[in-house]
Amino acid sequence: MKINRKNFLKVAGLATAGVMVDNNGAARGITTPSAQRTQQFNMHGFAAPKLDKVRVGIVGVGERGSGTVVRLASIQGVEIKALCDVVPHRVESSASLLKKEFSGHSPQSYSDNPQSWKQVCERADIDLIYIATPWNLHARIAVYAMEQGKHVYTELPVGSTVEECWKVVTTSEKTRKHCFMGCGSCHDGMAAVVLNMVRKGYFGDLVHGEGHYIHDRVSNNEQRWVRDKDNNNWYGYRPWRLQENVNRNGNLYPAHGLGPVAQIMDLNYGDKMDYMVSISSGDFTMKHKMAEISQTDEYFKPYVGLDFRGNMNTTIIRTHRGRTIMLQHDISSPRPGHRFDLISGNKAIYRARPDRLATSHDGWLPQEEFDRLVEEYTPGITRKFAEKRDEARVNNRSRGYERVTASDWRLIDCLRNGLPLEMDVYDAALWSVITPLSEWSVANQGATIKIPDFTAGSWQTNKSGMDIDIKQGGTTKLVS
Ligand SMILES: NC(=O)c1ccc[n+]([C@@H]2O[C@H](COP(=O)([O-])OP(=O)(O)OC[C@H]3O[C@@H](n4cnc5c(N)ncnc54)[C@H](O)[C@@H]3O)[C@@H](O)[C@H]2O)c1
């Protein structure tokens, strides 16, 4: 499918989302949802009744989901009740690992058909549905799960269109069920340190932030292209994910880089995104790779000659308070990876890889001074999680996805203690909606588009996000 304005609006879900464009198709890009809607209930700061045990149904046990099974089973008070995937042997493999390495879990398997996740959502003895399927199912499963009275933990994104993002917001408000989008990079490492420094005034007024998803998946490592028995290939490019890169052009995966910047800038609680522009380069790698590997593997022949997204997408957002955010997405150029990257204020700057701080034009602070500041500003959440990890002696698993993160631990801790979550449905929707809006802007030569205010004005009175000092909770242990 070639992108033209009509089918683009359909794909991105903008046609019915209150987006107006001018007559010749160049964007004026005015969205009016916050003016048109009133919030049914404010989910920011919402605390659901505490759960002694968090009973979990897992939908999608592929690369990421099978790791999450282990991460969640490593947290006190979690019971995995159901495993669902359309590929039965993936369910069996996760079930047998749970049986072998953990106690207290006897999950039921669901792999009869592509709708089996509905049965999982309908079970009365489940509190939380975790979603790690292809992107196009996330919103559908999340909405259905909340309607069945379940909290949701979804992999990114929560929705692929503007409409889907609104739907999860309104459903969460209506049902008063949490919808949490996993973005581990927000809770740990330098993102947490910088958040603490910002809150304590080290950076002064924030001016600019940068966060990217730069992760080369087209390098010459041929192993990445060898398909397994399920036709999966090239880690991270399952067949569905390769398909997502055809006929779409924009920032397809903004949340890993954006999440920390958004929390540091108090977006949805003190500031809000106002408008954005997005431009993509051409494709200089994907088409060549498809032509090359189709010579040795017929499977890739249908991909030869298709329109792939541009290699580099750059999106720039301006917030209501006048800050700017630059996001880049490039998963097909040979270069080192990059995510949370830069915070700049009128008193200091942080830059990643290598991590550095500066307070003037004259250069970066010496390493000893940097180390001293990191020690001083490492927040309670990071220290508490490290303490729990050391107590339980977990996190020595070789597979990264199986190593429990501060984000998972704190999610379960908040649910068990009846606390508001560190990220809510408004964060999930805002960080996800950048994708369809960037596609729209790219398709319109980088034109400006307004960004919906999913809080419907509550950002002006909402209190800050993450409880970085763990003033409440922090009682959940890890189990080995
Ligand atoms: N947070 C992170 O660091 C991180 C890392 C990797 C992937 N992810 C995210 O995790 C999600 C899954 O990615 P992945 O790499 O594991 O992909 P994957 O293809 O390995 O896994 C997806 C699984 O969903 C299953 N599935 C498809 N349709 C289904 C249906 N109707 N019902 C039940 N199961 C179904 C597939 O069979 C597969 O096992 C994506 O959203 C991805 O962006 C996040």
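Refer to the structure printed above.
Now for a description of the structure that goes with this document.

Here's the deal with the overall build of the protein
So, point 1. Assigned secondary structure in the protein consists of 15 helices and 16 strands.
So, point 2. Split into buried and exposed, the 480 residues of the protein put 47% on the buried side.
So, point 3. Restricting to contacts in the protein with at least 6 residues of sequence separation, those with at least 24 account for 78%.

What about the site of the ligand?
So, point 1. Near the ligand there are 23 residues, and of these Gly60, Gly62, Glu63, Arg64 and Glu155 occur at the shortest range.
So, point 2. Top element by residues in the shell around the ligand is helix H3 (residues 63–73). It accounts for 3 residues.
So, point 3. Within the shell around the ligand, the residues separate by chemical class into 12 nonpolar, 5 polar and 6 charged.

Comments concerning the sheet that holds strand E9 (residues 206–214)
So, point 1. Strand order in the open sheet formed by 8 strands is E15-E14-E13-E9-E12-E11-E10-E16, and the pairing between neighbours is mixed. For this open sheet the edge positions go to strand E15 (356–358) and strand E16 (449–450), each flanked by a neighbour on one side alone.
So, point 2. In the sheet, E9 pairs with strand E12 (residues 324–330) via 7 bridges, with the strands oriented parallel. When the sheet's bridge partners are listed, Glu210 is paired in E12 with Met326.
So, point 3. Relative to the sheet, helix H8 (residues 189–199) contacts E9, strand E13 (338–345) and strand E14 (349–351), its axis offset from that of E13 by approximately 15 degrees.

Re helix H14 (residues 406–417)
So, point 1. Under the 1.5 Å per step criterion, the end-to-end length of H14 is 16 Å for 12 residues, consistent within 8% with the ideal 16 Å.
So, point 2. Listed as buried for H14 are Ala406, Ser407, Asp408, Trp409, Arg410, Leu411, Ile412, Asp413, Cys414, Leu415 and Arg416.
So, point 3. Looking one or two residues beyond H14, the residue adopting positive phi is Gly418, at roughly 60 degrees.

Focus: the pairing of strand E7 (residues 151–154)
Looking down a regular strand, the side chains alternate between one sheet face and the other.
So, point 1. Along E7, one buried face is formed by His151 and Tyr153 and the opposite face, lined by Val152 and Thr154, is buried too.
So, point 2. Here strand E6 (residues 128–131) runs beside E7; their pairing, made up of 4 bridges, is parallel. Among the inter-strand pairings, Tyr130 is bridged to a residue of E7, identified as Tyr153.
So, point 3. Looking at chain direction, E7 and strand E8 (residues 179–181) are connected through 3 bridges and run parallel. Of the residues in E8, the one forming a bridge with Thr154 is Met181.
So, point 4. One crossover worth recording links E7 to the parallel E8 by way of helix H7 (residues 162–175), and it is right-handed.

Some words on the nonpolar core
So, point 1. Ile58, Ile129, Ala142, Val168, Val194 and Ala429 are the most contacted members of the largest nonpolar core, which totals 109 residues.
So, point 2. Top element by residues in this core is helix H15 (residues 425–443). It accounts for 12 residues.
So, point 3. Here Val168 is in contact with Ala139, Ala142, Val143, Val158, Gly159, Cys179, Val425, Ala428 and Ala429, once residues within four sequence places are set aside.

Observations regarding the packing of helix H13 (residues 380–392) against H14
So, point 1. Here H13 crosses H14 at 90 degrees, and the two axes come no closer than 10 Å. Considering the angle they form, H13 stands roughly perpendicular to H14. Residues Ile381, Thr382, Phe385 and Lys388 of H13 touch H14, and the partners they reach there are Ala406, Trp409 and Arg410.
So, point 2. In terms of residue class, the contact of H13 with H14 is built from 4 nonpolar, 1 polar and 2 charged.

With respect to the environment of Trp117
So, point 1. Considering the arrangement of structural elements, one finds Trp117 in helix H5 (residues 116–122).
So, point 2. Taking the number of C-beta atoms within 10 Å as the measure of exposure, Trp117 has 26 and is therefore buried.
So, point 3. With sequence-adjacent residues up to four places away left out, Trp117 is seen in contact with Val59, Cys84 and Ile141.

Observations regarding unusual backbone geometry
Note on backbone geometry: most residues besides glycine have negative phi, and most peptide bonds are trans.
So, point 1. Pro157 follows Leu156 through a cis peptide bond whose omega is -5 degrees.
So, point 2. Mapped onto the elements of the fold, Pro157 is located in the loop between E7 and H7.
So, point 3. Of note, the amide linkage connecting Arg353 to Pro354 takes the cis form, showing an omega dihedral of -5 degrees.
So, point 4. Its place among the elements puts Pro354 in the loop between E14 and E15.
So, point 5. The phi dihedral of Arg176 falls on the positive side, at around 55 degrees, and the residue is not glycine.
So, point 6. As for its position among the elements, Arg176 is in the loop between H7 and E8.
So, point 7. Backbone geometry places Gln445, a non-glycine residue, at a positive phi of 55 degrees.
So, point 8. As for its placement among the helices and strands, Gln445 is situated in the loop between H15 and E16.
So, point 9. Using a count of 11 C-beta atoms within 10 Å as the deciding quantity, one classes Gln445 as exposed.

Points about H3
So, point 1. The buried fraction of H3 is high, at 9 of 11 residues.
So, point 2. Every buried residue of H3 is accounted for by Gly65, Ser66, Gly67, Thr68, Val69, Val70, Arg71, Leu72 and Ala73.
So, point 3. Where H3 is buried, its residues touch strand E3 (54–59), strand E4 (78–84), helix H4 (88–101), E6 and H14.

A word on the packing of H8 against helix H10 (residues 255–264)
So, point 1. Between H8 and H10, the least distance of the axes is 9 Å, while the angle of their chain directions is 20 degrees. Relative to H10, the element H8 is oriented roughly parallel. Handedness of the H8/H10 crossing: right-handed. Of H10, the residues touching H8 (which contributes Ala191, Val194, Leu195 and Val198) are Pro260, Gln263 and Ile264.
So, point 2. Among the residues making up the contact of H8 with H10, the classes are represented as 6 nonpolar, 1 polar and no charged.

The rules we used
- Residues numbered from 1 in each chain as written.
- Predicted model: local features only at pLDDT ≥ 70, side-chain atom pairs only at ≥ 80, totals over all residues.
- Helix = DSSP H or I, 4+ residues; strand = E, 2+ residues; numbered from the N terminus.
- Buried ≥ 20, exposed ≤ 12 C-beta atoms within 10 Å, placed from the backbone.
- Contact = placed C-beta atoms within 7 Å.
- Near = placed C-beta within 6 Å.
- Nonpolar A, V, L, I, M, F, W, Y, C, P; charged D, E, K, R; others polar.
- Pairing = 2+ DSSP bridges.
- Axes fitted to C-alpha atoms, helices over the stretch in contact; angles between N-to-C directions.
- Expected span 1.5 Å × (residues − 1).
- Right-handed = clockwise from strand over helix to strand, strands pointing away.
- Core = buried A, V, L, I, M, F, W, Y, C linked by C-beta atoms within 7 Å.
- Parallel < 35°, antiparallel > 145°, perpendicular 65-115°, else oblique.
- Left-handed = near helix turned anticlockwise from the far one by under 90°.

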